[in-house]
Amino acid sequence: MLVGVPKEIKTLEFRVGLTTGSAEELVHHGHQVIVQSGAGEGIGLSDQMYRDAGAEIVATAEEIFERSDMVVKVKEPQPNECKMLREGQVLFTYLHLAPDPEQTKLLKDSGCIAIAYETVTDDNGHLPLLSPMSEVAGRMSIQAGAHALEKHKGGSGMLLGGVPGVEAARVVVIGGGVVGTNAIRMAMGMEAHVTVLDRSLARLKELDFQFGCMLNTIYSTREALWKHVTTADLVIGAVLVPGAAAPKLVTREMLAAMRPGSVVVDVAIDQGGCFETSRATTHSDPTYVEEGVVHYCVANMPGGVARTSTFALNNATLPYTLALADKGYKEALTDDVHLRRGLNVHCGDITYQAVADVLGYDYVSTENILGL
């Protein structure tokens, strides 16, 4: 199979779909790899390093999309990239289709086979290709939130951990999954007062055992959200409904009741965000103020630490990339029910239920397409 890696074009996005190590593995398996010139430069992977790994360097994204049997990316294809996809071509990347009707329509119209990292599952019901970026985003959310609390950034001028004689900041994490757990870890490490809200008692018990009495665990109700959000200095939105739009748990009214200069970081923004006032931002202009609250809603947060993120992502995606290349997508999906759940669009059909439901498309099951 000929596997192509274009340079990412989203604002200040320096990650790359394949590292040199991943490219070398594909070549070792008998495949061809073509990489757009400069695709890895942002994380220290030069064109020559890709050549040494056995890849071919090409000048343009157009050539990548024209020649490749499978395109491997990081972020969702932008409109001009979607228009370069062709019928029967495999696209393997993050998609986040539920809040993005334009991309969904373009992928449908292209006739491609779009497999989303974020909906691939494992034997434990987890999301192994989303998890590495969730770990990064969870940890970054506290860094970003602490920075946004500084006065020159529009925040209240509060140091997250305080100092002797001065109270530490109150951090509230909504959601106790991978993002939330990593946010908790970082916030506690910076000596903030940390509360987590979740609707799973089992998960709250796990977090209680993991972090002990220094973490305040609260069952999430509207009343509890109001109480803890409105008294917080920093709120992390770490809610996930796999493949679907994030629920708007924090209302404008709640935000208006927060102290001016408080900060919210919406890690769920890729799926539409969990704050009513959230709208996607970029690393070049990451924050805005609404209802007196600083909002950090960068849609590709892990791109800010592109080198760490790329290697972490490739560690998780490489076995699936190899399976798709070695077997072809039909056999790979047939053999692996977890990879099969990653299929979101197939030759004009929407094959992920949550995406079909939220965007009003007919749903076609992957099993029907594969004849299972």
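Here is what the cut-offs are and how they apply
Residues numbered from 1 in each chain as written. Predicted model: local features only at pLDDT ≥ 70, side-chain atom pairs only at ≥ 80, totals over all residues. Heavy atoms only, no water. UniProt positions renumbered as here; feature names shortened; annotations may be inferred. Core = buried A, V, L, I, M, F, W, Y, C linked by side-chain atoms within 4.5 Å. Buried < 20%, exposed > 50% of the residue type's maximum accessible area, 1.4 Å probe, protein only. Contact = heavy atoms within 4.5 Å. Axes fitted to C-alpha atoms, helices over the stretch in contact; angles between N-to-C directions. Helix = DSSP H or I, 4+ residues; strand = E, 2+ residues; numbered from the N terminus. Parallel < 35°, antiparallel > 145°, perpendicular 65-115°, else oblique. Left-handed = near helix turned anticlockwise from the far one by under 90°. Pairing = 2+ DSSP bridges. Patch = residues over 30% accessible without salt bridge, like charges linked within 9 Å, V, L, I, M, F, W, Y side chains within 5 Å. Areas by Shrake-Rupley, 256 points an atom, 1.4 Å probe, with all protein chains shown as cover. Salt bridge = Lys/Arg side-chain N within 4 Å of Asp/Glu carboxyl O. Polar contact = N/O pair within 3.5 Å; in protein donor to acceptor, adjacent residues only side chain to side chain. Phe/Tyr/Trp six-rings, centres within 6.5 Å; stacked < 30°, edge-to-face > 60°. Expected span 1.5 Å × (residues − 1). Nonpolar A, V, L, I, M, F, W, Y, C, P; charged D, E, K, R; others polar.

If you check an unreviewed UniProt entry, the chain appears there as Alanine dehydrogenase from Candidatus Seongchinamella marina. According to the UniProt record, the Sequence similarities (unreviewed entry) comment for the chain is "Belongs to the AlaDH/PNT family." Looking at the Catalytic activity (unreviewed entry) heading of the UniProt record, one finds this comment for the chain: "L-alanine + NAD(+) + H2O = pyruvate + NH4(+) + NADH + H(+)".

What follows deals with the nonpolar core. Within the largest apolar cluster, 76 residues are counted, with the highest numbers of intra-cluster contacts made by Ile115, Leu160, Val171, Val173, Leu234 and Ile236. When near neighbours in sequence (up to four residues on either side) are disregarded, Val171 contacts Ile142, Leu160, Ala187, Ala192, His193, Val194, Thr195, Leu234 and Ile236. Ala61, Cys82, Leu91 and Ala116 belong to the second-largest nonpolar core, a separate cluster that totals 20 residues.

With that settled, the discussion passes to the packing of helix H7 (residues 178-189) against helix H8 (residues 201-211). Direction vectors running N to C along H7 and H8 enclose 30°, while the axes themselves pass 12 Å from each other. Between H7 and H8, the interaxial angle falls into the category roughly parallel. Note on packing geometry: the crossing formed by H7 with H8 is right-handed. Along its contact with H7, which presents Thr181, Ile184, Arg185 and Met188, the element H8 presents Arg203, Leu207, Gln210 and Phe211.

In spatial order, the strands read E3-E2-E1-E4-E5-E6-E14-E15; together these eight strands make up an open sheet with mixed pairing. In this open sheet, the two edge strands, each paired with only one partner strand, are strand E3 (56-58) and strand E15 (349-350). Sheet topology places strand E14 (residues 343-346) next to E15; two bridges connect them, and they run antiparallel. By the bridge assignment for E15, Val345 is matched with Ile350.

This part is about a nonpolar patch on the surface. Together, Leu159, Val163 and Val166 make up an exposed nonpolar region whose accessible area comes to about 270 Å². Looking at the element boundaries, Val163 is found in the loop between helix H6 (131-148) and strand E7 (170-174).

Moving on, we get to the side chain of Ser278. With respect to the helices and strands, Ser278 occurs in the loop between strand E11 (263-266) and strand E12 (287-290). Assessed through its relative accessible area of 13%, Ser278 is described here as buried. In terms of polar contacts, Ser278 uses its side chain to reach the side chain of Asp266, at 2.6 Å. Residues contacting Ser278, with those up to four places away along its chain left out, are Asp266, Ile269, Tyr288 and Cys297.

Applying the stated criterion across every chain, the model contains two aromatic pairs. A centroid spacing of 4.7 Å and a plane angle of 80° characterise the contact between Phe92 and Tyr117, whose relative ring orientation is edge-to-face. Taken together, the residues span a long stretch of sequence, with Phe92 in strand E5 (residues 90-93) and Tyr117 in the loop between strand E6 (113-116) and H6 at a distance of 25 residues. Looking at Tyr117, the relative accessible area reads 0%, which means it is buried. Each ring, one from Tyr94 and one from Tyr117, has its centre 4.9 Å from the other, and the planes form 85°; the classification is edge-to-face.

Moving on, we get to the pairing of E12. Only one face of E12 is buried: it carries Tyr288 and Glu290, and the other face, with Thr287 and Val289, is open. When E12 meets strand E13 (residues 293-296), the two strands line up antiparallel, connected through four bridges. Opposite Tyr288, over in E13, you have His295 as the bridge partner.

In a regular helix each residue adds 1.5 Å, so 18 residues correspond to 26 Å; H6 covers 25 Å between its end C-alpha atoms and thus fits that length. With 14 of its 18 residues buried, H6 lies for the most part within the structure.

Attention now moves to the pairing of E13. In E13, alternate side chains face the same way, and those of Val293 and His295 on one face and Val294 and Tyr296 on the other are all buried. When E11 meets E13, the two strands line up parallel, connected through three bridges. Looking across to E13, one finds that Val265 is bridged to Tyr296. Between E12 and the antiparallel strand that follows it, E13, lie two residues; Glu291 among them carries a positive phi value of about 55°.

Now for the sheet that holds E12. Strand order in the open sheet made by the seven strands is E9-E8-E7-E10-E11-E13-E12, with mixed pairing throughout. Each edge of the sheet is formed by a strand with only one pairing partner; in this case those strands are strand E9 (215-219) and E12. Sheet twist, expressed as the average angle between the axes of neighbouring strands with direction ignored, equals 20°. Alignment of strand E10 (residues 234-237) against E11, held across four bridges, turns out to be parallel. Note on E11: the bridge partner recorded for Val235 is Val264. Sitting on the sheet, H6 touches E7, E10, E11 and E13, and the angle it makes with E10 is about 150°. Sheet contacts for H8: strand E8 (193-198) and E9; angle to E9, the most-contacted strand, approximately 175°.

A few words on the side chain of Thr277. Within the secondary structure layout, Thr277 lies in the loop between E11 and E12. Of note is the side chain of Thr277, whose polar atom sits 2.6 Å from the side chain of His295.

Next up on the list: the packing of H6 against helix H11 (residues 306-327). In contact at an axis separation of 8 Å, H6 and H11 are set at 155° when each is read in the N-to-C sense. Between H6 and H11, the angle is such that the two are roughly antiparallel. Between H6 and H11, the contacting residues are Pro132, Met133 and Val136 on the first element and Ser309, Ala312, Leu313 and Ala316 on the second. Residue composition of the contact of H6 with H11, grouped by class: six nonpolar, one polar and no charged.

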